[in-house]
Amino acid sequence: MRTITKDTITDVFMGYFGPDTDPRLREIMQSLAHHLHAFVRETGLTHAEWEKGIEFLEWAGRISGPERHEFVLLSDVLGVSSLVDMVNSRPEGTSSSVLGPFHISGAPAIAYGSDLKRHYDGPVLLAEGTVRRSDGTPIAGATINVWQTAPNGLYASQDPEQDTYSFHGIQTTGADGRYAFTTVKPVSYTVPTDGPVGEILNATGRHPWRPSHLHYIVKADGYRSLVTEVFPDDDPYLDEDTVFGVRDDLVMTYTEHPADTFPDGFELSGKVTEPYLRVDFDLVLTPE
Ligand SMILES: [Fe+2]
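Conventions and cut-offs
Residues numbered from 1 in each chain as written. Predicted model: local features only at pLDDT ≥ 70, side-chain atom pairs only at ≥ 80, totals over all residues. Heavy atoms only, no water. Salt bridge = Lys/Arg side-chain N within 4 Å of Asp/Glu carboxyl O. Buried < 20%, exposed > 50% of the residue type's maximum accessible area, 1.4 Å probe, protein only. Helix = DSSP H or I, 4+ residues; strand = E, 2+ residues; numbered from the N terminus. Contact = heavy atoms within 4.5 Å. Patch = residues over 30% accessible without salt bridge, like charges linked within 9 Å, V, L, I, M, F, W, Y side chains within 5 Å. Areas by Shrake-Rupley, 256 points an atom, 1.4 Å probe, with all protein chains shown as cover. Core = buried A, V, L, I, M, F, W, Y, C linked by side-chain atoms within 4.5 Å. Axes fitted to C-alpha atoms, helices over the stretch in contact; angles between N-to-C directions. Parallel < 35°, antiparallel > 145°, perpendicular 65-115°, else oblique. Nonpolar A, V, L, I, M, F, W, Y, C, P; charged D, E, K, R; others polar. 1 Å grid on protein atoms, 1.4 Å probe; cavity = no way out; pocket = protein on both sides within 12 Å on 5 of 7 lines; lining within 4 Å. Points joined across faces, edges and corners; volume = space filled by probe spheres on them. Pairing = 2+ DSSP bridges.

Brief notes about the pattern of salt bridges
- Evaluated as defined, the whole model comprises 10 salt bridges.
- The residue Arg68 makes a salt bridge to Glu70 at a minimum N-O spacing of 3.0 Å.
- Residue Glu70 is classed as buried on the basis of its relative accessible area, which comes to 1%.
- Across the pair Arg118 and Asp163 runs a salt bridge, and its minimum N-O distance is 3.3 Å. With Arg118 in the loop between β1 (114–115) and β2 (124–132) and Asp163 in the loop between β3 (143–147) and β4 (168–172), this pair connects stretches of sequence that are 45 residues apart.
- Of the residues examined, Arg118 reaches a relative accessible area of 39% and is grouped as partly exposed.

Okay, here's the thing in structure tokens:
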């Protein structure tokens, strides 16, 4: 028999794979074991620390459910979600950015020019742009799933005061690839701190703030799906997003306009009485 030591266990692990193991699974598992084992050796991880880690994962599992995804949040604050985005990004398309833990499926269809702000207080934001290819060709029939928090910084799934799909909608582009809707200007918010992820942030002296943003998932036949966000260029947390989601091409100027310049053909046309904001954010898709 052979003796397993702390120096040989990784090689032994590598030898345990069956001959029919999927090659990509083998590559991922071997790399994971290589780095995990090295982490344990380098830190000299104690039994107490290992147990704490297991308890942490169990807590994250217990607190997770259909409307709370603590493991997604953990991946986000560790920078893993953003790293996966960056490793898979295509330079000719709009950068992708974190999905976040609050996306819910089943959002209602909203027509061009629809309003998501409704009775909520805050500045009107008109978000618009073109879904297009990098050469400018508009993409018709693209679906744009948008969501954001209410002015209290909470998503509908976190807030019993909101309707199920408040600040959620799905718009489909016409022949010109254009999309447009109004909403309330998003606010900076904190990720949830009442679970295991919050405990890690607290223990490591990190704040839980994200710069304000609108979330988008854009899909069109023949193109790679795009999960992204748009940020205003004046947000104080742009350079310290706790989930590392900000990219240069996702930072836009939200320009202010007098109320009497609000365009026709929108749900809010004729009803805007205060200066409103506009952000023009094209969504550039890349072929599949
Ligand atoms: Fe978000």
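A word on the environment of Asp76
- With respect to the element layout, Asp76 can be found in helix α4 (residues 70–77).
- Linking Asp76 and Thr3, residues 73 residues apart in sequence, is a C-alpha distance of 40 Å.
- What Asp76 contacts, discounting residues up to four positions off in sequence, is Ser81, Val98, Gly100, Pro101, Thr242, Val243 and Phe244.

Re a nonpolar patch on the surface
- A grouping of Leu25, Met29, Leu32, Leu36, Phe39 and Val40 is seen on the molecular surface, where their side chains present a nonpolar patch of about 510 Å² in accessible area.
- Structurally, Met29 is set in helix α2 (residues 23–43).
- Residue classification places Met29 among the partly exposed positions, given a relative accessible area of 31%.

Brief notes about the nonpolar core
- Core analysis: the biggest nonpolar cluster contains 31 residues, and Val131, Phe181, Tyr216 and Leu283 have the highest contact counts within it.
- At the level of elements, β2, β3, β5 (178–184), β8 (214–219), β9 (226–232) and β12 (276–280) are the ones that each hand at least two residues to this core.

Here we look at the packing of α4 against helix α6 (residues 196–203)
- Two elements in contact, α4 and α6, have axes whose closest approach is 9 Å; the angle formed by their N-to-C orientations is 25°. Taken together, α4 and α6 sit at an angle that is classed as roughly parallel. Here Glu70, Leu73, Leu74 and Val77 of α4 come into contact with α6, specifically with Pro196, Val197 and Leu201.
- Taken together, the residues of the contact of α4 with α6 sort by class into six nonpolar, no polar and one charged.

A closer look at empty space enclosed by the protein
- Applying the stated criterion to the full structure yields one cavity of 30 Å³ or more.
- Size it by volume and the largest cavity reaches roughly 40 Å³.
- Together, Leu73, Asp76, Val98, Gly100, Pro101, Phe102, Val191, Arg210 and Val243 line the largest cavity.
- By residue class, the composition of the lining of the largest cavity is six nonpolar, one polar and two charged.

A look at the pairing of β12
- Bridge analysis of β2 against β12 gives four bridges, and the strand direction is parallel. Bridge pairing in β12 places Leu126 opposite Arg278.
- Judged from the three bridges that link them, strand β11 (residues 255–257) and β12 form a sheet pairing that is antiparallel. By the bridge assignment for β12, His257 is matched with Tyr276.

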